[in-house]
Amino acid sequence: MRIPTNGIHIGLDSPDGDVSFVSHAHSDHTNGLKRKEKIIASAETRDLASLDAQIVQIKNTKLLDAGHILGSRQLAIDGDGERIVYTGDISLKPNIFGWKADIPYCDRLIIEATYGDPSYVFPPHEDIHRQIERWVKENDKKNLIIGCYELGKAQEVVRILNGCGISPVVTEKTGSFCSIYEKHGVKLDRMVVGTDEAEEAMSRRFVALVPMGKAKRYFARRLSEAFERETLCAVASGWALHYRFNTDASFPLSDHADFNDLRYFIEESGAKKVEFFCGDGSALLDSLRILDGKAPKLIL
Ligand SMILES: [Zn+2]
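All values reported here derive from a predicted model rather than from experimental measurement.

Considering the overall build of the protein chain
- Secondary structure summary: the protein chain contains 8 helices and 17 strands in total.
- For the protein chain, the C-alpha radius of gyration of 21 Å lies close to 19 Å, the compact-globule estimate for 300 residues.
- Along the longest, intermediate and shortest principal axes, the C-alpha atoms of the protein chain span 65 × 45 × 30 Å.
- Averaged over its 39 positive side-chain charges, the protein chain has a centre that lies 0 Å from the centre of its 44 negative ones.

Rendered as structure tokens:
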């Protein structure tokens, strides 16, 4: 999707257009952007996505916090008598780092609806942080592996574990994202698998973060045999609210807005036109219609 303004077109997480807005560094939002010479983005996003492009500022546009991962931003565009906001992925509840999305007033809103299903209402983040801390402490004689996405969620889990005095073992990829977080002022204690430091730590009880696909009981059993210590596995993902993973524990830690957050965002934005670029927003619009009888218009 692209939006015209000031005689140019801005691509929204897309290589279309004269300049591209990159909301954040998750790969589903950076497809085809390696070739781009000019982008609108935060410096953090450019680093995390390994983009060489020049960051430019366009008149009548403004970046707003998105609260999703390091550097994530929304874009507001003022022009032709209306304000357009594109959210990218957003999270409204403050995460472990205290980041949360701004809620801008706008006429036209282009918003994610990853959890646009009314059954997705997450508990407060603090409750989930405590669940993870409790599980880690209750199983302090066992090795633990926690599956999570390597950019964004992994760094949140590292910080939660640091709060328990634990420096987890992480993959090389997660470690390199952690280094970029640190470059931008977010301290994260972790050890990269294969280093002397991690090898030494893994001769005792350890906690490791693994890619989602590795967080399975069969992999934990293999580790139990290899390290001669019982190993439990868990996942940290918003999908854990309803989806059953093949793990010993699961924590519904999300870096996306849930159904109530999305509904609140749409209402507070005052938008008269709403478009969804991810997920199904029909339940959200139905819910707003029920609330006050004057729902925004859905454009597809
Ligand atoms: Zn994302």
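Further notes follow.
Description of the layout of surface pockets
- Of the pockets and cavities examined, the largest pocket occupies roughly 580 Å³.
- Taken together, 29 residues form the lining of the largest pocket, with His-26, Ser-27, Asp-28, Tyr-149 and Leu-151 sitting closest to its centre.
- Looking at the lining of the largest pocket residue by residue, the classes come out as 13 nonpolar, 9 polar and 7 charged.
- Computed from the structure, the second largest pocket encloses a volume of approximately 230 Å³.
- Lining the second largest pocket are 15 residues; nearest its centre among them are Val-193, Met-202, Ala-208, Val-210 and Phe-219.
- Of all the elements in the fold, those that place two or more residues in the lining of the second largest pocket are strand S11 (169-170), strand S13 (207-210) and helix H6 (217-227).

Considering the packing of helix H3 (residues 153-162) against helix H4 (residues 172-183)
- It is at 10 Å that the axes of H3 and H4 come closest, and there the two elements cross at 75°. Of the possible angle classes, the one that applies to H3 and H4 is roughly perpendicular. Contacts from Ala-154, Gln-155 and Val-158 in H3 reach Thr-174, Phe-177, Cys-178 and Tyr-181 in H4.
- Taken together, the residues that form the contact of H3 with H4 break down as 5 nonpolar, 2 polar and no charged.

Some thoughts on the coordination of the zinc ion
- Listed as protein donors to the zinc ion are His-24 (NE2), His-26 (ND1), His-68 (NE2) and Asp-89 (OD); their distances from the metal cover 2.2 to 2.4 Å.
- The coordination sphere of the zinc ion comprises 4 donor atoms, whose angles at the metal cover 91 to 166°; the geometry is irregular.
- All donors of the zinc ion belong to a single chain; written as a sequence motif, their spacing is H-x1-H-x41-H-x20-D. One end of the pair, His-24, is in the loop between strand S3 (19-21) and strand S4 (38-40); the other, His-68, is in the loop between strand S6 (61-65) and strand S7 (73-79), and 44 residues separate them in sequence. Of the two residues, His-24 and His-68, both sit in the buried class.

Some points on the state of the cysteines
- In this structure the tally under the stated criterion is 0 disulfides.
- With no disulfide of its own, Cys-106 lies 18 Å from the sulfur of Cys-278, the closest cysteine sulfur.
- Since its relative accessible area comes to 1%, Cys-106 is described here as buried.
- The partly exposed category is assigned to Cys-278, whose relative accessible area is 29%.

Description of the confidence of the model for the protein chain
- Per-chain confidence: the protein chain averages 93 in pLDDT, with 96% of residues scoring 70 or above.
- Confidence drops under a pLDDT of 50 for residues 291-295, and excluding neighbours within four residues, the segment shows 7 contacts in the predicted structure.

Some remarks on empty space enclosed by the protein
- Evaluation of the coordinates by the stated rule reveals 1 cavity of 30 Å³ or more.
- Lining the largest cavity are Ser-91, Leu-92, Lys-93, Phe-122, His-125, Ser-254, His-256, Asp-258 and Asp-261.
- Residue composition of the lining of the largest cavity, by class: 2 nonpolar, 4 polar and 3 charged.

Reading guide: rules and limits
- Residues numbered from 1 in each chain as written.
- Predicted model: local features only at pLDDT ≥ 70, side-chain atom pairs only at ≥ 80, totals over all residues.
- Heavy atoms only, no water.
- Helix = DSSP H or I, 4+ residues; strand = E, 2+ residues; numbered from the N terminus.
- Rg over C-alpha atoms; globule rule 2.2 N^0.38 Å.
- Lys, Arg positive; Asp, Glu negative; His and termini not counted.
- Charge placed at Lys NZ, Arg CZ, Asp CG, Glu CD.
- 1 Å grid on protein atoms, 1.4 Å probe; cavity = no way out; pocket = protein on both sides within 12 Å on 5 of 7 lines; lining within 4 Å.
- Points joined across faces, edges and corners; volume = space filled by probe spheres on them.
- Nonpolar A, V, L, I, M, F, W, Y, C, P; charged D, E, K, R; others polar.
- Axes fitted to C-alpha atoms, helices over the stretch in contact; angles between N-to-C directions.
- Parallel < 35°, antiparallel > 145°, perpendicular 65-115°, else oblique.
- Contact = heavy atoms within 4.5 Å.
- Donors = N, O, S within 2.8 Å, 3.2 Å for Na, K, Ca; no water.
- Tetrahedral: all angles 85-135°; square planar, octahedral: opposite > 155°, others 65-115°.
- Buried < 20%, exposed > 50% of the residue type's maximum accessible area, 1.4 Å probe, protein only.
- Disulfide = S-S within 2.5 Å.
- pLDDT = per-residue confidence, 0-100.

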